[in-house]
Amino acid sequence: MKSFPHSPVTCDDDYDPYSLTVETAQICILNAVSPLEATEVVDLRSALGRVLAEDACAAVAVPAATNSAMDGYALRGAGLPASGKRSLEVVGVSRAGVPYRGEVQSRQCVRIFTGAVMPEGTDTVVMQEQVERRGDLAVFGSEVKPGQNVRQVGEDVAVGQIVLARGRRLTPADLGVLAGQGLAQVAVYRRLRVALFTTGDELLEPGEELAEGGLYDSNRYTLLGMLQRLGVEVREFGIVGDSREQLESVLSEAAADADAIVSTGGVSVGEYDLVREVLERVGSIEFWKIAMKPGRPITFGNIGRAVFFGLPGNPVAAMVTFYQFVQPALRRMMGEQPLPAVLSFKAICVSKLRKRPGRVEFQRGVVEPDGEGRMVVRKTGQQGSGILTSMSQANCFIVLPLDSGPVEPGTLVEVQPFFGLV
Ligand code: AMP
Ligand code: MG
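No experiment lies behind these values; they were computed from the predicted model shown.

Draft legend 1. Representation of the site of ligand 1 within the structure. In the neighbourhood of ligand 1, 16 residues make up the surrounding shell, with D217, S218, G266, G313 and N314 lying closest. Between ligand 1 and G313 there is a distance of 3.1 Å, counted from a nitrogen atom to a backbone nitrogen or oxygen. With the chains in place, 77% of the 480 Å² that ligand 1 exposes on its own is no longer accessible. A majority-of-atoms criterion places ligand 1 in the largest pocket.

Draft legend 2. Seen up close, the environment of G200. Considering the arrangement of structural elements, one finds G200 in the loop between β13 (193–199) and β14 (203–204). Sequence separation of G200 and G265 is 65 residues, and the distance between their C-alpha atoms is 6.8 Å. Setting aside its immediate chain neighbours within four residues, G200 contacts I239, V240 and D242.

Draft legend 3. A look at the sheet that holds strand β5 (residues 86–94). With mixed pairing, six strands are arranged side by side in an open sheet as β7-β4-β6-β5-β9-β8. Both edges of this open sheet fall to β7 (124–127) and β8 (132–134), since each of them pairs with a single strand only. The mean inter-strand angle of the sheet, taken between neighbouring strand axes irrespective of direction, is 40 degrees. Pairing of strand β4 (residues 72–75) with β7 involves four bridges; the strand directions are antiparallel.

Draft legend 4. Spatial organisation of the packing of aromatic side chains. Applying the stated criterion across every chain yields a total of six aromatic pairs. Ring geometry for F300 against F309: centres 5.4 Å apart, planes inclined by 45 degrees, an arrangement best described as tilted. Of the two residues, F300 and F309, both sit in the buried class. Among the aromatic residues, those joined into a cluster by ring pairs are Y323, F362, F397 and F418.

Each value, and the rule that gives it
Residues numbered from 1 in each chain as written. Chains lettered and ligands numbered in written order. Predicted model: local features only at pLDDT ≥ 70, side-chain atom pairs only at ≥ 80, totals over all residues. Heavy atoms only, no water. Near = heavy atom within 4 Å. Polar contact = N/O pair within 3.5 Å; in protein donor to acceptor, adjacent residues only side chain to side chain. Areas by Shrake-Rupley, 256 points an atom, 1.4 Å probe, with all protein chains shown as cover. 1 Å grid on protein atoms, 1.4 Å probe; cavity = no way out; pocket = protein on both sides within 12 Å on 5 of 7 lines; lining within 4 Å. Sits in = over half its atoms within 2 Å of the grid points. Helix = DSSP H or I, 4+ residues; strand = E, 2+ residues; numbered from the N terminus. Contact = heavy atoms within 4.5 Å. Pairing = 2+ DSSP bridges. Axes fitted to C-alpha atoms, helices over the stretch in contact; angles between N-to-C directions. Phe/Tyr/Trp six-rings, centres within 6.5 Å; stacked < 30°, edge-to-face > 60°. Buried < 20%, exposed > 50% of the residue type's maximum accessible area, 1.4 Å probe, protein only.

Fair warning: the whole summary comes from geometry, so function is off the table for now.
In structure tokens:
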């Protein structure tokens, strides 16, 4: 745990000597989870976003044969006259899928099209725009360089090369690389099973009538969306009341077949000791205060063989803690490795930001180019941890470091783009 320079704690800052830093909590969580072992074979068509369970080694070269990168004329580059017009006899055609079978001599050339195999005896292509046809002759100038406009066999992928390593989360480009190897199926880790529920006697299901003191359950939908984007299998347990019995029965049912359980609400320090008591009884759970805003309290541990994440109830806090802690842990459990570095960069903040030292803040912003080659970021209105529209309007977090104070317009700040996860 970090030791804090400010002591005693004052009202001008948010230092709390009993807090964990974001990094410490992230490391503790990552170290406590392990990757799935079970694998399955799926069709390439349904492999997008799945995690490769074996290295994919190239069995074929790409391209499989040296071929033309242009429409034009294939010829032998060596022995062309050094200057003046060249004139070669056109002896045939090579097009994609229908190669020219003969061997081309030095005074000859072959009409060739993009992707066609280079005929024997040729190594150079002159593009058609540079060639004048005079009957059976192709006439062109001295601008031709031997070897030009040709794709060499294996220049993209060589036989035996690892094209994609185990642990890779498959992207559209990766699917193409695998298809380029002639693979129709691929071995991936099985889907991670995640149980999801929200807690609170005040919560209502969308579609129900709004009762006095009631609140529609938005967290389950933001979390469901983020989990779906991660590609896990979600089992929803709905809304769980603030009751010992309900919580205990949902937790034991969820833990019976889930790899991970995600819940929100009911675990803030000092409130509902019954929740805490149940969690401690059914599993091995830690209650952490994190030096961050929003999202100070989170709960992490195990119930049976399932990993448990108890996120704060406030909607923005639930999303921020999911993004910072749950998402990397689930990716590790899904077999993804190495975990990609969190993308962040500096942008000029054009808003004034309130901030007290003592916690890392994840404020919500919109980052965009200013039209003059710079990236600028502005905050999305109010920053309270209950203001969910601040997330919905944002495309990034503005990450303000632990020790920093307020931000004046014009200051460089760090931003973390959401990129589809949120
Ligand atoms: P809690 O941590 O249970 O005390 O929740 C803190 C606050 O978050 C509550 O007062 C609610 O306003 C809000 N909240 C809790 N759960 C949800 C939820 N599932 N959807 C939307 N807001 C919630
Ligand atoms: Mg609650």
